[in-house]
Amino acid sequence: MHRSRDVVDFPAWSVGKVRFVSVETPDLRTTRAVRIGQVPLGQDVLPVVIGGSAAAAGPGGSPGPAQDIRWITLRGHRGRRPAGEAIAEARAGWASPVLVEPFSAADLPDIAEQADGVVIGAAWMQDFRLVRAAARLGIPVVVQRGPAATLEEWLAIADYCVAEGNDQVALCECGSRTPMPGGGTTLDLAMAREARARTGRPVLVALGRDAALAGAAIAAGADGLMLAPDAGRDVVAAAREAAIVVGAMVRREDPATVAEARGVIDRVDAALATLLERRAELAGVVQRLKPVGGFAGRDMERERSLVAAMARRAPALGTDRLAPVMNAVIEAGLHLAEERRARPDGG
Ligand SMILES: C=C(O[C@@H]1C=C(C(=O)O)C=C[C@H]1O)C(=O)O
(Lines give C-alpha, C1' and ligand atoms only; values in the text may rest on other atoms or scores of the structure.)
Protein backbone atom coordinates (compact mmCIF):
# COMPACT_ATOMS: atom_id res chain seq x y z
CA MET A 1 0.00 0.00 0.00
CA HIS A 2 1.10 3.52 -0.67
CA ARG A 3 1.69 5.76 2.20
CA SER A 4 0.51 9.19 1.24
CA ARG A 5 3.72 11.14 1.39
CA ASP A 6 3.57 13.34 -1.65
CA VAL A 7 2.14 16.38 0.09
CA VAL A 8 3.51 17.31 3.47
CA ASP A 9 2.23 20.15 5.60
CA PHE A 10 4.95 22.26 7.08
CA PRO A 11 5.32 21.97 10.80
CA ALA A 12 4.24 24.97 12.84
CA TRP A 13 7.73 26.47 13.05
CA SER A 14 7.91 26.96 9.31
CA VAL A 15 7.62 30.37 7.77
CA GLY A 16 4.07 30.81 6.54
CA LYS A 17 1.88 27.86 5.63
CA VAL A 18 3.53 26.80 2.40
CA ARG A 19 3.00 23.23 1.23
CA PHE A 20 5.90 21.12 0.07
CA VAL A 21 5.09 18.96 -2.93
CA SER A 22 7.41 16.05 -3.62
CA VAL A 23 8.58 15.03 -7.09
CA GLU A 24 7.92 11.38 -6.24
CA THR A 25 5.65 9.55 -8.61
CA PRO A 26 2.56 8.49 -6.68
CA ASP A 27 1.62 5.43 -8.75
CA LEU A 28 4.76 3.33 -8.84
CA ARG A 29 3.28 -0.13 -8.37
CA THR A 30 2.00 -2.05 -11.31
CA THR A 31 -0.49 -4.73 -10.51
CA ARG A 32 0.59 -7.18 -13.20
CA ALA A 33 4.32 -7.62 -12.83
CA VAL A 34 5.95 -9.79 -15.51
CA ARG A 35 9.03 -11.95 -15.01
CA ILE A 36 11.53 -12.29 -17.86
CA GLY A 37 13.61 -15.25 -16.69
CA GLN A 38 14.57 -14.22 -13.17
CA VAL A 39 14.23 -10.51 -13.83
CA PRO A 40 11.02 -8.88 -12.62
CA LEU A 41 9.46 -6.04 -14.61
CA GLY A 42 7.06 -3.67 -12.96
CA GLN A 43 7.76 -4.63 -9.42
CA ASP A 44 8.78 -2.29 -6.71
CA VAL A 45 12.40 -2.49 -7.78
CA LEU A 46 14.98 -0.67 -9.84
CA PRO A 47 13.89 -0.15 -13.45
CA VAL A 48 15.61 -2.67 -15.71
CA VAL A 49 17.93 -1.98 -18.64
CA ILE A 50 17.32 -4.16 -21.67
CA GLY A 51 19.60 -4.32 -24.69
CA GLY A 52 22.99 -3.11 -25.68
CA SER A 53 25.64 -5.10 -27.45
CA ALA A 54 27.48 -8.02 -25.93
CA ALA A 55 30.45 -5.67 -25.67
CA ALA A 56 28.47 -3.69 -23.12
CA ALA A 57 28.39 -6.67 -20.80
CA GLY A 58 30.86 -7.30 -18.02
CA PRO A 59 33.93 -9.54 -18.27
CA GLY A 60 33.28 -12.87 -19.96
CA GLY A 61 29.93 -11.71 -21.28
CA SER A 62 28.39 -11.75 -17.81
CA PRO A 63 25.80 -9.07 -17.22
CA GLY A 64 27.95 -6.24 -15.96
CA PRO A 65 26.45 -3.76 -13.58
CA ALA A 66 24.75 -2.29 -16.62
CA GLN A 67 22.47 -4.72 -18.46
CA ASP A 68 19.77 -6.93 -16.98
CA ILE A 69 18.40 -8.51 -20.12
CA ARG A 70 19.64 -8.81 -23.69
CA TRP A 71 17.42 -8.80 -26.69
CA ILE A 72 17.93 -9.52 -30.33
CA THR A 73 15.81 -8.92 -33.40
CA LEU A 74 15.56 -11.46 -36.19
CA ARG A 75 14.02 -8.84 -38.49
CA GLY A 76 17.31 -8.13 -40.29
CA HIS A 77 17.76 -11.83 -41.12
CA ARG A 78 14.48 -11.78 -43.05
CA GLY A 79 13.95 -15.46 -42.31
CA ARG A 80 17.16 -16.51 -44.04
CA ARG A 81 19.03 -17.47 -40.89
CA PRO A 82 17.66 -20.16 -38.56
CA ALA A 83 16.29 -18.40 -35.47
CA GLY A 84 17.80 -21.07 -33.22
CA GLU A 85 21.28 -20.24 -34.45
CA ALA A 86 20.91 -16.50 -33.80
CA ILE A 87 19.44 -17.09 -30.34
CA ALA A 88 22.19 -19.58 -29.42
CA GLU A 89 24.76 -16.95 -30.43
CA ALA A 90 23.08 -14.32 -28.24
CA ARG A 91 22.98 -16.75 -25.33
CA ALA A 92 26.60 -17.84 -25.60
CA GLY A 93 28.41 -16.76 -22.43
CA TRP A 94 25.35 -14.87 -21.25
CA ALA A 95 23.66 -16.08 -18.06
CA SER A 96 20.85 -13.54 -17.93
CA PRO A 97 17.55 -13.61 -19.84
CA VAL A 98 17.24 -13.07 -23.58
CA LEU A 99 14.25 -11.57 -25.41
CA VAL A 100 13.78 -12.19 -29.12
CA GLU A 101 11.82 -10.34 -31.79
CA PRO A 102 10.77 -12.71 -34.58
CA PHE A 103 10.88 -11.88 -38.25
CA SER A 104 7.87 -14.08 -38.86
CA ALA A 105 5.83 -16.88 -37.29
CA ALA A 106 8.42 -19.35 -38.63
CA ASP A 107 10.82 -18.15 -35.90
CA LEU A 108 8.40 -18.84 -33.06
CA PRO A 109 9.15 -22.50 -32.28
CA ASP A 110 12.86 -21.73 -31.73
CA ILE A 111 11.94 -18.70 -29.66
CA ALA A 112 9.64 -20.81 -27.46
CA GLU A 113 12.42 -23.29 -26.91
CA GLN A 114 15.38 -20.99 -26.37
CA ALA A 115 14.21 -17.50 -25.35
CA ASP A 116 12.83 -16.05 -22.12
CA GLY A 117 10.29 -13.86 -23.87
CA VAL A 118 9.10 -12.70 -27.25
CA VAL A 119 9.05 -9.13 -28.55
CA ILE A 120 6.31 -8.03 -30.93
CA GLY A 121 8.26 -5.42 -32.85
CA ALA A 122 6.72 -1.99 -33.43
CA ALA A 123 6.55 -2.62 -37.19
CA TRP A 124 4.64 -5.87 -36.59
CA MET A 125 2.25 -4.61 -33.92
CA GLN A 126 -0.86 -5.01 -36.00
CA ASP A 127 0.05 -8.38 -37.48
CA PHE A 128 -2.69 -10.05 -35.50
CA ARG A 129 -1.81 -13.57 -36.58
CA LEU A 130 1.79 -13.13 -35.45
CA VAL A 131 0.61 -11.58 -32.18
CA ARG A 132 -1.76 -14.46 -31.47
CA ALA A 133 0.81 -17.12 -32.35
CA ALA A 134 3.45 -15.38 -30.21
CA ALA A 135 1.08 -15.16 -27.24
CA ARG A 136 0.32 -18.88 -27.55
CA LEU A 137 3.99 -19.71 -26.89
CA GLY A 138 3.17 -19.14 -23.23
CA ILE A 139 6.30 -17.08 -22.58
CA PRO A 140 6.20 -13.36 -21.68
CA VAL A 141 5.33 -11.00 -24.53
CA VAL A 142 6.63 -7.45 -24.94
CA VAL A 143 4.26 -5.49 -27.18
CA GLN A 144 5.98 -2.55 -28.82
CA ARG A 145 3.76 0.33 -29.95
CA GLY A 146 3.65 0.81 -33.70
CA PRO A 147 4.83 4.26 -34.78
CA ALA A 148 1.32 5.39 -35.75
CA ALA A 149 -0.68 3.40 -33.20
CA THR A 150 -3.03 5.12 -30.78
CA LEU A 151 -3.19 4.16 -27.12
CA GLU A 152 -6.33 2.11 -27.72
CA GLU A 153 -4.81 0.24 -30.66
CA TRP A 154 -1.70 -0.54 -28.63
CA LEU A 155 -3.60 -1.79 -25.60
CA ALA A 156 -5.86 -3.89 -27.84
CA ILE A 157 -2.78 -5.96 -28.76
CA ALA A 158 -2.23 -6.77 -25.09
CA ASP A 159 -5.87 -7.92 -24.98
CA TYR A 160 -5.25 -10.20 -27.96
CA CYS A 161 -2.48 -11.88 -25.95
CA VAL A 162 -4.77 -12.27 -22.94
CA ALA A 163 -7.45 -13.77 -25.19
CA GLU A 164 -4.87 -16.43 -26.14
CA GLY A 165 -4.46 -17.26 -22.46
CA ASN A 166 -1.24 -15.31 -21.92
CA ASP A 167 -1.39 -12.59 -19.28
CA GLN A 168 2.38 -12.09 -19.07
CA VAL A 169 2.35 -8.96 -21.18
CA ALA A 170 4.60 -5.92 -20.95
CA LEU A 171 4.23 -2.85 -23.14
CA CYS A 172 7.00 -0.90 -24.81
CA GLU A 173 6.75 2.67 -26.10
CA CYS A 174 8.98 3.05 -29.16
CA GLY A 175 8.14 6.54 -30.33
CA SER A 176 6.19 7.96 -33.22
CA ARG A 177 7.12 8.40 -36.82
CA THR A 178 9.72 11.13 -36.76
CA PRO A 179 13.17 9.65 -36.16
CA MET A 180 15.68 11.78 -34.31
CA PRO A 181 19.30 12.28 -35.27
CA GLY A 182 21.51 9.91 -33.30
CA GLY A 183 18.96 7.11 -33.32
CA GLY A 184 16.51 8.54 -30.79
CA THR A 185 12.78 8.54 -31.30
CA THR A 186 9.90 10.93 -30.66
CA LEU A 187 8.82 9.18 -27.51
CA ASP A 188 5.30 9.59 -26.25
CA LEU A 189 5.94 9.49 -22.53
CA ALA A 190 2.44 10.67 -21.73
CA MET A 191 1.08 7.66 -23.58
CA ALA A 192 3.51 5.33 -21.82
CA ARG A 193 2.39 6.68 -18.47
CA GLU A 194 -1.27 6.37 -19.35
CA ALA A 195 -0.79 2.81 -20.64
CA ARG A 196 0.78 1.87 -17.34
CA ALA A 197 -1.94 3.51 -15.27
CA ARG A 198 -4.75 2.01 -17.33
CA THR A 199 -3.50 -1.57 -17.59
CA GLY A 200 -1.36 -2.05 -14.50
CA ARG A 201 1.15 -3.71 -16.82
CA PRO A 202 4.85 -2.89 -16.83
CA VAL A 203 5.80 -0.34 -19.46
CA LEU A 204 9.21 -0.11 -21.05
CA VAL A 205 10.50 2.86 -23.02
CA ALA A 206 12.68 2.23 -26.06
CA LEU A 207 15.58 4.65 -26.44
CA GLY A 208 17.46 3.20 -29.39
CA ARG A 209 21.09 4.23 -29.29
CA ASP A 210 20.58 7.50 -27.46
CA ALA A 211 20.16 7.60 -23.68
CA ALA A 212 19.35 11.34 -23.60
CA LEU A 213 15.73 10.72 -22.58
CA ALA A 214 16.50 7.92 -20.13
CA GLY A 215 15.94 10.17 -17.10
CA ALA A 216 12.72 11.56 -18.59
CA ALA A 217 11.43 8.03 -19.19
CA ILE A 218 12.22 7.02 -15.62
CA ALA A 219 10.57 10.18 -14.29
CA ALA A 220 7.50 9.32 -16.36
CA GLY A 221 7.35 6.00 -14.48
CA ALA A 222 8.97 3.56 -16.93
CA ASP A 223 9.64 0.10 -15.50
CA GLY A 224 12.55 -0.39 -17.84
CA LEU A 225 14.62 1.12 -20.62
CA MET A 226 14.95 -0.81 -23.85
CA LEU A 227 18.06 0.01 -25.88
CA ALA A 228 18.98 -1.01 -29.42
CA PRO A 229 20.51 -4.49 -29.40
CA ASP A 230 23.78 -2.96 -30.63
CA ALA A 231 23.81 0.08 -28.32
CA GLY A 232 27.31 0.64 -26.99
CA ARG A 233 28.69 0.45 -23.48
CA ASP A 234 28.35 4.20 -22.89
CA VAL A 235 24.66 4.22 -23.79
CA VAL A 236 23.99 1.23 -21.54
CA ALA A 237 25.92 2.88 -18.69
CA ALA A 238 24.06 6.18 -19.14
CA ALA A 239 20.69 4.42 -19.12
CA ARG A 240 21.66 2.50 -15.98
CA GLU A 241 22.84 5.67 -14.24
CA ALA A 242 19.58 7.49 -15.06
CA ALA A 243 17.58 4.54 -13.77
CA ILE A 244 19.48 4.65 -10.48
CA VAL A 245 19.81 8.38 -9.88
CA VAL A 246 16.55 9.68 -11.34
CA GLY A 247 14.79 6.59 -10.02
CA ALA A 248 16.01 7.40 -6.51
CA MET A 249 14.43 10.86 -6.79
CA VAL A 250 11.06 9.95 -8.26
CA ARG A 251 10.25 6.34 -7.36
CA ARG A 252 8.52 5.71 -4.09
CA GLU A 253 9.73 2.24 -3.36
CA ASP A 254 8.29 0.17 -0.56
CA PRO A 255 10.87 -2.51 0.25
CA ALA A 256 9.78 -5.54 2.23
CA THR A 257 13.11 -7.22 3.06
CA VAL A 258 16.50 -6.13 4.37
CA ALA A 259 18.08 -6.84 0.97
CA GLU A 260 15.44 -4.79 -0.87
CA ALA A 261 15.71 -1.91 1.58
CA ARG A 262 19.51 -1.95 1.27
CA GLY A 263 19.15 -1.92 -2.51
CA VAL A 264 16.97 1.18 -2.33
CA ILE A 265 19.39 2.83 0.13
CA ASP A 266 22.27 2.13 -2.26
CA ARG A 267 20.40 3.95 -5.01
CA VAL A 268 19.51 6.89 -2.81
CA ASP A 269 23.20 7.06 -1.83
CA ALA A 270 24.14 7.08 -5.52
CA ALA A 271 21.92 10.13 -6.00
CA LEU A 272 23.30 11.72 -2.81
CA ALA A 273 26.88 11.16 -3.97
CA THR A 274 26.13 12.77 -7.31
CA LEU A 275 24.62 15.81 -5.58
CA LEU A 276 27.34 16.02 -2.91
CA GLU A 277 30.05 16.07 -5.58
CA ARG A 278 28.21 18.82 -7.46
CA ARG A 279 27.67 20.76 -4.24
CA ALA A 280 31.36 20.61 -3.37
CA GLU A 281 32.25 21.98 -6.80
CA LEU A 282 29.77 24.86 -6.39
CA ALA A 283 30.96 25.66 -2.87
CA GLY A 284 34.46 25.80 -4.36
CA VAL A 285 33.28 28.37 -6.91
CA VAL A 286 31.93 30.54 -4.09
CA GLN A 287 35.28 30.33 -2.25
CA ARG A 288 37.08 31.64 -5.32
CA LEU A 289 34.58 34.46 -5.86
CA LYS A 290 34.22 35.70 -2.26
CA PRO A 291 36.60 38.43 -1.05
CA VAL A 292 37.70 36.04 1.73
CA GLY A 293 37.27 32.38 0.89
CA GLY A 294 37.82 29.11 2.76
CA PHE A 295 37.43 28.63 6.52
CA ALA A 296 38.46 32.25 7.11
CA GLY A 297 35.41 33.48 5.18
CA ARG A 298 32.90 31.16 6.82
CA ASP A 299 29.39 32.61 6.97
CA MET A 300 27.42 30.98 9.80
CA GLU A 301 24.25 32.96 9.09
CA ARG A 302 24.14 31.60 5.53
CA GLU A 303 24.75 28.08 6.86
CA ARG A 304 21.87 28.36 9.37
CA SER A 305 19.49 29.60 6.73
CA LEU A 306 20.33 26.82 4.25
CA VAL A 307 19.77 24.22 6.96
CA ALA A 308 16.40 25.79 7.78
CA ALA A 309 15.44 25.70 4.08
CA MET A 310 16.47 22.04 3.83
CA ALA A 311 14.46 21.13 6.91
CA ARG A 312 11.32 22.06 5.00
CA ARG A 313 12.02 19.21 2.60
CA ALA A 314 13.26 16.95 5.37
CA PRO A 315 10.73 17.63 8.13
CA ALA A 316 11.30 14.28 9.90
CA LEU A 317 15.00 15.00 10.28
CA GLY A 318 14.40 18.66 11.12
CA THR A 319 16.89 21.42 11.79
CA ASP A 320 18.58 19.82 14.79
CA ARG A 321 19.49 16.60 12.99
CA LEU A 322 20.31 18.25 9.67
CA ALA A 323 22.63 20.88 11.17
CA PRO A 324 25.51 18.48 12.06
CA VAL A 325 25.10 16.65 8.73
CA MET A 326 25.35 19.87 6.78
CA ASN A 327 28.20 21.10 8.95
CA ALA A 328 30.18 18.02 7.88
CA VAL A 329 29.22 18.53 4.23
CA ILE A 330 30.18 22.20 4.28
CA GLU A 331 33.48 21.52 6.03
CA ALA A 332 34.33 18.79 3.52
CA GLY A 333 33.73 21.34 0.74
CA LEU A 334 35.88 23.95 2.44
CA HIS A 335 38.72 21.44 3.00
CA LEU A 336 38.59 20.47 -0.68
CA ALA A 337 38.62 24.12 -1.78
CA GLU A 338 41.58 24.95 0.46
CA GLU A 339 43.47 21.86 -0.67
CA ARG A 340 42.95 22.79 -4.30
CA ARG A 341 43.97 26.37 -3.72
CA ALA A 342 47.20 25.19 -2.07
CA ARG A 343 48.20 23.10 -5.11
CA PRO A 344 50.68 24.78 -7.46
CA ASP A 345 48.26 24.45 -10.41
CA GLY A 346 45.38 25.85 -8.34
CA GLY A 347 43.53 22.55 -8.34
C1 LIG B 1 29.79 28.54 -0.05
C2 LIG B 1 29.96 29.50 0.86
O3 LIG B 1 31.00 29.48 1.78
C4 LIG B 1 30.88 28.73 2.99
C5 LIG B 1 30.33 27.40 2.66
C6 LIG B 1 28.97 27.23 2.61
C7 LIG B 1 28.37 26.05 1.92
O8 LIG B 1 29.09 25.09 1.62
O9 LIG B 1 27.17 26.11 1.61
C10 LIG B 1 28.11 28.18 3.19
C11 LIG B 1 28.62 29.27 3.81
C12 LIG B 1 30.05 29.53 4.00
O13 LIG B 1 30.40 29.19 5.31
C14 LIG B 1 29.08 30.70 0.89
O15 LIG B 1 29.42 31.67 1.55
O16 LIG B 1 28.02 30.66 0.27
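Because the structure is a prediction, the values reported are computed rather than measured.

### Let's talk about the overall build of the protein
Okay, so step 1: When you go through the protein residue by residue, the secondary structure sums to 10 helices and 14 strands.
Okay, so step 2: By residue count, 34% of the 347 residues in the protein fall in the buried class.
Okay, so step 3: Look at the contacts in the protein between residues 6 or more apart in sequence, and 61% of them connect residues 24 or more apart.

### Looking at the packing of helix α9 (residues 300-313) against helix α10 (residues 318-342)
Okay, so step 1: At their nearest, the axes of α9 and α10 sit 9 Å apart, and the two run at 125 degrees to each other. Put simply, α9 runs oblique to α10. The two elements α9 and α10 cross, and the hand of that crossing is right-handed. Between α9, through Glu303, Leu306, Val307, Ala308, Met310 and Ala311, and α10, the contact on the second element is made entirely by Gly318, Thr319, Leu322, Ala323, Met326 and Ile330.
Okay, so step 2: When its residues are assigned to classes, the contact of α9 with α10 shows 9 nonpolar, 2 polar and 1 charged.

### Focus on the site of the ligand
Okay, so step 1: Lining the immediate environment of the ligand, one finds Ala283, Val286, Arg298, Asp299, Arg302, Glu303, Leu306, Ile330 and Gly333.
Okay, so step 2: Contributing elements (two or more residues each) for the shell around the ligand: α8 (258-289), α9 and α10.
Okay, so step 3: Of the residues that constitute the shell around the ligand, the class distribution is 4 nonpolar, 1 polar and 4 charged.

### Here's the deal with the packing of helix α4 (residues 151-163) against helix α5 (residues 189-199)
How two helices sit against one another is set out by the angle between their axes and by the gap between those axes.
Okay, so step 1: At their nearest, the axes of α4 and α5 sit 11 Å apart, and the two run at 45 degrees to each other. The orientation of α4 with respect to α5, classified from their angle, is oblique. Like other packed secondary-structure pairs, α4 and α5 cross with a definite hand, here right-handed. On α5, the residues touching Leu151, Trp154, Leu155 and Ala158 of α4 are Met191, Glu194, Ala195, Arg198 and Thr199.

### Here we look at the pairing of strand β7 (residues 98-101)
Okay, so step 1: Residues Val98 and Val100 point to one face of β7 and Leu99 and Glu101 to the other, with burial holding for every one of them.
Okay, so step 2: Note that strand β6 (residues 70-73) and β7 share 4 bridges and pair parallel. Paired with arginine 70 across the bridge in β7 is valine 98.
Okay, so step 3: This β-α-β element, β6 to helix α1 (residues 83-91) to β7, shows right-handed connectivity.
Okay, so step 4: Both β7 and strand β8 (residues 117-120) contribute to a ladder of 2 bridges, which runs parallel. Paired with valine 100 across the bridge in β8 is valine 118.

### Some remarks on the domain arrangement of the protein
Okay, so step 1: Once the domains are mapped, the protein shows domain 1 (34-254) and domain 2 (260-342).
Okay, so step 2: Centre-to-centre separation of domain 1 and domain 2, based on C-alpha positions: 40 Å.
Okay, so step 3: Taken together, the contacts link 7 residues of domain 1 with 7 residues of domain 2.
Okay, so step 4: Of the residues that constitute the side of domain 1 that touches domain 2, the class distribution is 5 nonpolar, 1 polar and 1 charged.

### Thoughts on the nonpolar core
Okay, so step 1: Counting 73 residues, the largest nonpolar core has Val100, Ile120, Leu204, Leu207, Leu225 and Ala239 as the members making the most contacts within it.
Okay, so step 2: By residue number, the principal contributor to this core is helix α7 (residues 233-250), which donates 9 residues.
Okay, so step 3: Each residue touching leucine 225, except ones within four places of it in the same chain, is listed here: Pro47, Val49, Ile50, Leu204, Val205, Leu207, Ala214, Ala217, Ala239 and Ala243.

### A look at α5
Okay, so step 1: Residues Ala192, Arg193, Ala195 and Arg196 constitute the buried set of α5. The buried residues of α5 occupy an angular sector of 160 degrees when projected down its axis, which confines them to one face. Residues of α5 that are exposed and point over 90 degrees away from its buried face: Ala190, Ala197 and Arg198.
Okay, so step 2: Contacts from the buried residues of α5 go to α4, β10 (169-173) and β13 (203-208).
Okay, so step 3: Of the residues one or two after α5, glycine 200 is the one with positive phi, at around 70 degrees.

### Quick look at the sheet that holds strand β5 (residues 48-50)
Okay, so step 1: If you trace the 8 strands from one edge of the open sheet to the other, you get β5-β14-β13-β10-β9-β8-β7-β6, paired in parallel fashion. Each edge of the open sheet carries a strand with a single partner, namely β5 and β6. Sheet twist, expressed as the average angle between the axes of neighbouring strands with direction ignored, equals 25 degrees.
Okay, so step 2: Relative to β7, α1 is tilted by about 150 degrees, and along the sheet it contacts β6 and β7.
Okay, so step 3: Those strands touched by α5 are β10 and β13, and its axis lies near 155 degrees from that of β13.

### Focus: the environment of arginine 91
Okay, so step 1: The topology assignment puts arginine 91 in helix α1.
Okay, so step 2: When the 18 C-beta atoms within 10 Å are taken as the criterion, arginine 91 is described as partly exposed.
Okay, so step 3: With 23 residues separating them along the chain, arginine 91 and glutamine 114 place their C-alpha atoms 8.8 Å apart.
Okay, so step 4: Contacts of arginine 91, omitting those with residues within four sequence positions, involve Val98 and Gln114.

How each quantity is defined
Residues numbered from 1 in each chain as written. Predicted model: local features only at pLDDT ≥ 70, side-chain atom pairs only at ≥ 80, totals over all residues. Helix = DSSP H or I, 4+ residues; strand = E, 2+ residues; numbered from the N terminus. Buried ≥ 20, exposed ≤ 12 C-beta atoms within 10 Å, placed from the backbone. Contact = placed C-beta atoms within 7 Å. Axes fitted to C-alpha atoms, helices over the stretch in contact; angles between N-to-C directions. Parallel < 35°, antiparallel > 145°, perpendicular 65-115°, else oblique. Left-handed = near helix turned anticlockwise from the far one by under 90°. Nonpolar A, V, L, I, M, F, W, Y, C, P; charged D, E, K, R; others polar. Near = placed C-beta within 6 Å. Pairing = 2+ DSSP bridges. Right-handed = clockwise from strand over helix to strand, strands pointing away. Domains from an automatic or database assignment. Core = buried A, V, L, I, M, F, W, Y, C linked by C-beta atoms within 7 Å. Arc of directions from axis to C-beta.

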